[in-house]
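# Topology and contacts: notes
Listed below are the residues making up each chain.
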Amino acid sequence: MKAIRRFTVRTVLPDALAPLEELATNLRWSWNIPARRLFEEISPELWDSTGHDPIALLGEVEPARLTELAGDSAFTARAKTLVDELHTYLTEPRWYQKNCDATAPKAIGYFSPEFGIAAALPQYSGGLGILAGDHLKSASDLGVPIIGVGLFYRSGYFAQSITPDGWQQESYPVLDPDGLPLSVLRHPDGTAAQIVLSLPGGKALYARIWQVAVGRIKLLLLDTDIPENADELRSVTDRLYGGGGEHRLLQELLLGIGGVRAIKLLVELTGVDAPEVFHTNEGHAGFLGLERISDLIHGGLSFAEALQVVRAGTVFTTHTPVPAGIDRFDAALITEYFSTDLLPGVDVKDVLALGAENYKGGTADMFNMAVMGLRLGQRANGVSQLHGDVSRGMFGPLWPGFDQADVPITSVTNGVHAPTWTDSSLVALAQDRFGTSDTTVADWASPSVTDLDLWTVRNGMRAQLVEDARKRVTAAWSAQNPGAGAPAWFNELLDPNVLTIGFARRVPTYKRLTLMLHDPERLRSILLSKEHPVQIVIAGKSHPADDEGKRLIQKLVEFSQEPDIRKRMVFLPNYDIGMAQLLYPGTDVWLNNPLRPLEACGTSGMKAALNGSLNLSILDGWWAEFYDEENGWAIPSADSAGDSAERDKLEANSMYDLIEYQIAPRFYDRDKDAVPKRWVESIRHTLSTLSPELSADRMVREYVERLYLPAAASARAIAKDKYAPARALAAWKSRLVEAWPSVSVAHVESGGVDSVPQVGDELHVRAQVNIDGLSPDDLKVEVVFGRAREGDTLVDTDRIELTADPASGTGSMVEYSGTVALTRAGSFGYNVRVVPNNPLLASPAELGLIAVAR
């Protein structure tokens with residue numbers, strides 16, 4: 001018989017074990033090894049069967065065992081010590097408090113549609129969510145005062161299983177929040193705090209607010225599955241990335257508008273500082289800016305004035321390198337939802353203008369969430385250097401006339417949270433030899449760690465992965481074949497002594513899951529080599545609606561099940577954090593072969609590198625900036641191939657060659673102690689050089705120093721004197737936009753160089769500029785110079801501002817002049833440009849206005 005309803009009953013712990021409750025309900029346990037070991041000691045079997053979930057563990061353990069532990073003075077003393085350490089961690093000054101002065105923001109709102117923090121809280125689908133979770137964890141470790149905002153999905157993303165014929169099947173287990181590390185935000189009288197959104201047709205969407213403790217960070221998750229909502233609205237937060245366009249719009253309205261309202265309630269009810277800076281992690285949360293504009297309009301500002309305030313304190317991060325990855329809605333649907341009381345004081349035409357694709361290549365009557373994010377954020381970034389450049393190209397039409405390098409999108413390369421993703425055996429080695437558990441600062445080049453030490457740890461990681469893979473394949477078989485014994489060969493699946501390559505990620509077509517199958521017989525010979533055998537472990541989920549991605553999985557599963565290679569190649573179902581924490585460390589080589597430049601960053605290879613794994617990758621994402629010929633191998637990109645089939649062939653053959661002729665021989669080249677000395681050199685180099693750079697601590701520090709601090713300064717500057725600067729800036733922008741069609745560079749002349757210019761000469765430049773009644777202070781006139789290439793295109797450019805001499809002009813014409821020193825030989829070219837100039841602008845390109853000499 002099946003239950004008609006299920007819920008979780010929390011255990012009542014003996015007083016002596018009360019510290020366990022506090023430890024279990026703060027997710028810091030997920031990256032604190034002593035806390036995890038304490039929970040494991042309660043019952044190793046239950047710890048494994050509950051997926052390393054302390055709350056589930058405490059709910060399953062027998063009362064007699066709890067009574068026994070309550071009487072164990074050594075255990076209770078350890079529990080109390082860990083709680084005391086947690087209290088210290090939560091309150092002591094950390095990097096942010098020690099290094100940032102009083103001008104640093106008191107709080108930062110960080111909005112993301114998903115957060116991957118721990119397997120015990122499955123609210124993520126892939127890299128975006130894992131990155132957001134790592135961002136919060138490193139912010140906690142550094143003391144950065146972030147308030148996270150997301151949605152609580154009752155069914156998370158989906159659980160994946162693979163049918164006997166290799167087809168992906170999805171299921172959606174319903175989560176019980178009472179069995180998760182969540183607490184409801186409440187009013188003083190005990191009632192649950194709620195936010196509400198007005199919807200078309202007089203309807204309303206209500207959401208309660210769950211709180212999650214992520215170390216020092218408070219994460220708010222909004223949940224619509226409450227009695228106040230009609231049945232069709234209770235399901236708004238049912239699944240991550242589920243439903244059609246209107247369902248997605250409701251989720252994103254809730255995340256952005258509802259998320260800001262949730263923060264206001266948190267501030268009101270708990271007294272925490274309100275955010276001064278808001279970070280929009282992808283376009284999904286972009287509506288947050290409109291809620292803030294509505295509040296400012298209520299305070300007396302116009303829409304244009306409020307927009308300046310919101311832009312000043314907003315950071316927007318784009319994670320997609322392809323237009324197809326951006327959420328877009330029909331403008332008519334946006335009109336329907338904003339022609340309501342949803343945002344008092346905000347006119348629907350102003351909303352539509354923010355997301356309009358009114359630029360070259362755009363589509364009329366579409367509302368683009370990433371475009372809105374860029375227009376609402378004064379600062380924006382991509383997530384690797386290459387992705388920043390790709391983003392400047394993709395979004396360049398928003399700033400017509402500007403060179404791609406001048407498009408105001410910078411980059412902060414992603415990082416990964418080392419304490420979460422570094423295997424405990426490597427942490428133990430660092431602690432034993434260097435006296436630190438922080439593997440990112442350990443001196444891995446030091447002889448204090450021998451080659452044998454490192455190789456022993458790496459062998460242990462690989463053996464751990466092999467054991468886990470066998471368990472997962474056996475469990476999947478048992479789930480599909482109840483009562484039937486698993487095939488005997490499962491016990492021989494993979495070999496703990498064989499070179500192991502890992503590949504795990506989402507399965508959109510551009511990531512090319514099946515590139516390794518381009519020449520099946522070549523791959524077979526590599527796997528089954530007598531001298532240098534190779535094995536491959538693969539995992540990943542395809543979006544439920546992506547049948548092409550599912551066919552790729554099926555093709556790979558079918559190949560891996562062929563009798564001669566089935567022990568050398570395996571697809572592990574239901575890729576999640578728990579699997580990843582064994583998969584990344586257990587692989588010797590991490591494979592990544594996307595179509596360049598479609599990988600925004602690709603943090604899976606980072607996590608492998610933190611454990612001493614070497615990367616084999618196309619030079620895309622993070623690998624394009626960190627590959628140095630010693631930390632792995634680069635698969636050459638066949639960008640000039642005639643078509644996609646030719647490109648796949650060339651790149652697959654390069655991959656096979658690298659594995660067969662370089663990687664495998666080096667792995668099996670052993671000394672008398674069976675240690676591959678040359679391979680271990682690369683492990684040392686990888687750990688020494690990449691660990692600090694790939695750390696999410698580095699990433700979060702960059703966000704603080706390069707984006708959060710400047711955004712806070714801008715937000716404060718524009719809010720002075722009851723927002724007088726915002727009013728002035730809005731009026732100034734309006735005046736400039738109106739006058740700009742008449743602004744031009746009428747004439748340019750130069751002198752000061754001989755007929756054969758030489759290094760050391762000075763070029764004197766004078767430009768006549770029509771400013772059409774604007775003040776010279778409103779403009780910046782610059783000479784842009786660099787190397788002249790084909791078509792007179794300037795590259796490697798520099799700029800020097802020219803000085804105005806109003807007395808030399810007539811009417812609206814003003815002369816500007818300046819000097820350029822010729823400091824390098826070779827082709828030289830220059831031009832003159834005019835851009836807006838205001839101290840409240842973060843970039844000269846901000847308004848998308850430019851005039852250049854013709």
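Conventions we followed
- Residues numbered from 1 in each chain as written.
- Predicted model: local features only at pLDDT ≥ 70, side-chain atom pairs only at ≥ 80, totals over all residues.
- Heavy atoms only, no water.
- Helix = DSSP H or I, 4+ residues; strand = E, 2+ residues; numbered from the N terminus.
- Buried < 20%, exposed > 50% of the residue type's maximum accessible area, 1.4 Å probe, protein only.
- Polar contact = N/O pair within 3.5 Å; in protein donor to acceptor, adjacent residues only side chain to side chain.
- Core = buried A, V, L, I, M, F, W, Y, C linked by side-chain atoms within 4.5 Å.
- Contact = heavy atoms within 4.5 Å.
- Salt bridge = Lys/Arg side-chain N within 4 Å of Asp/Glu carboxyl O.
- Phe/Tyr/Trp six-rings, centres within 6.5 Å; stacked < 30°, edge-to-face > 60°.
- Axes fitted to C-alpha atoms, helices over the stretch in contact; angles between N-to-C directions.
- Parallel < 35°, antiparallel > 145°, perpendicular 65-115°, else oblique.
- Left-handed = near helix turned anticlockwise from the far one by under 90°.
- Nonpolar A, V, L, I, M, F, W, Y, C, P; charged D, E, K, R; others polar.
- Pairing = 2+ DSSP bridges.
- Expected span 1.5 Å × (residues − 1).

## Things to note about the side chain of N381
Mapped onto the fold, N381 is located in strand β15 (residues 379–382). A relative accessible area of 0% means that N381 is categorised as buried. Here T317 takes part through its side chain, which lies 2.8 Å from a polar atom of the side chain of N381. Among the polar contacts listed, one links the side chain of N381 to the side chain of Y703, at a separation of 2.9 Å.

## Details of the nonpolar core
For soluble globular proteins, the rule of thumb is that nonpolar side chains tend to be buried together. Within the largest apolar cluster, 94 residues are counted, with the highest numbers of intra-cluster contacts made by F287, I293 and F338. Tallying contributions element by element places helix α10 (residues 245–270) first for this core, with 11 residues. Setting aside residues up to four positions removed in sequence, F338 forms contacts with L253, I257, F287, L290, L343, V348 and V351. By size, the runner-up hydrophobic cluster in this structure holds 66 residues, among which are L13, L86, Y89 and I146.

## So, the pattern of salt bridges
For the coordinates displayed, the defined rule picks out 54 salt bridges. The shortest N-O distance in the salt bridge between R524 and E562 comes to 2.8 Å. Of this pair, R524 sits in helix α20 (residues 520–527) while E562 sits in the loop between α21 (547–560) and β19 (569–572), and the two are 38 residues apart along the sequence. Relative accessible area serves as the criterion here: at 27%, E562 is assigned to the partly exposed category. A salt bridge links D778 to R735; the shortest N-O distance between them is 3.1 Å.

## Describing the packing of aromatic side chains
The full count for this structure, using the stated rule, is 24 aromatic pairs. Aromatic pair W455 and F667: ring centres 5.6 Å apart, planes at 65 degrees, arrangement edge-to-face. In this pair, W455 is assigned in helix α19 (residues 451–480) and F667 in helix α25 (residues 644–668), connecting sequence segments 212 residues apart. The pair formed by W455 and F667 is uniform in burial state, with each residue classed as buried. Considering the side-chain rings of Y703 and Y708, the 5.9 Å spacing of their centres and the 25 degrees angle between planes classify their relative orientation as stacked. For the residue pair Y703 and Y708, the accessibility class agrees, reading buried in each case.

## Notes on the packing of helix α2 (residues 33–42) against helix α6 (residues 73–91)
Between α2 and α6, whose axes approach to 10 Å, the crossing angle comes to 150 degrees. With respect to their mutual orientation, α2 and α6 come out roughly antiparallel. Considering the relative orientation of α2 and α6, their crossing is left-handed. Note on element contacts: α6 touches α2 through F75, R78, A79 and L82, opposite P34, A35, R37, L38, E41 and I42. Looking at the contact of α2 with α6, its residues break down into 7 nonpolar, no polar and 3 charged.

## Structural notes on the packing of helix α12 (residues 303–312) against helix α27 (residues 696–739)
The description of two helices packed together rests on the angle between their axes and the distance between the axes. With their axes 8 Å apart at the nearest point, α12 and α27 run at an angle of 155 degrees to one another. Considering their axes alone, α12 and α27 lie roughly antiparallel with respect to each other. Crossing geometry of α12 relative to α27 is assigned as right-handed. Counting all contacts with α12, which are made through A304, E305, Q308, V309, R311 and A312, the residues of α27 involved are A711, S714, A715, I718, Y723, A726, R727, L729, A730 and K733.

## A closer look at the sheet that holds strand β17 (residues 499–504)
Strand order in the open sheet formed by 6 strands is β19-β18-β17-β20-β21-β22, and the pairing between neighbours is parallel. Because the sheet does not close on itself, it has two edges, and the strands there are β19 and β22 (632–635). Going from strand to strand, the sheet's axes swing by 20 degrees on average, the running direction of each strand aside. With 4 bridges connecting them, strand β21 (residues 614–618) and β22 associate as parallel partners.

## Details of α21
Owing to its 3.6 residues per turn, the α-helix brings residues three or four apart onto one side. The end-to-end C-alpha distance of α21, which contains 14 residues, comes to 20 Å, matching closely the 20 Å that a straight helix rising 1.5 Å per residue would cover. Within α21 the residues assigned to the buried category are G549, K550, L552, I553, Q554, L556, V557, F559 and S560. On its buried face, α21 is in contact with β5 (159–162), β6 (168–171), α20, β18 (534–539) and β19. Its side-chain oxygen placed 3.3 Å from the backbone nitrogen of E548, D546 serves as the N-cap of α21.

## Looking at the sheet that holds strand β30 (residues 851–852)
Strand order across the open sheet formed by 4 strands is β26-β25-β29-β30, with antiparallel pairing between neighbours. Looking at strand neighbours, the two that pair on one side only are β26 (794–801) and β30, the edges of this open sheet. When strand β25 (residues 779–788) meets β26, the two strands line up antiparallel, connected through 6 bridges. Along β26, the bridge assignment pairs F785 with D798.

## Considerations on the environment of T50
You can see T50 is positioned in the loop between α3 (44–49) and α4 (54–60). If near-sequence neighbours (up to four positions away) are discounted, T50 is found in contact with A56, L57 and E60. Here the side chain of T50 touches W47 through a polar contact of 3.4 Å, landing on its backbone oxygen.

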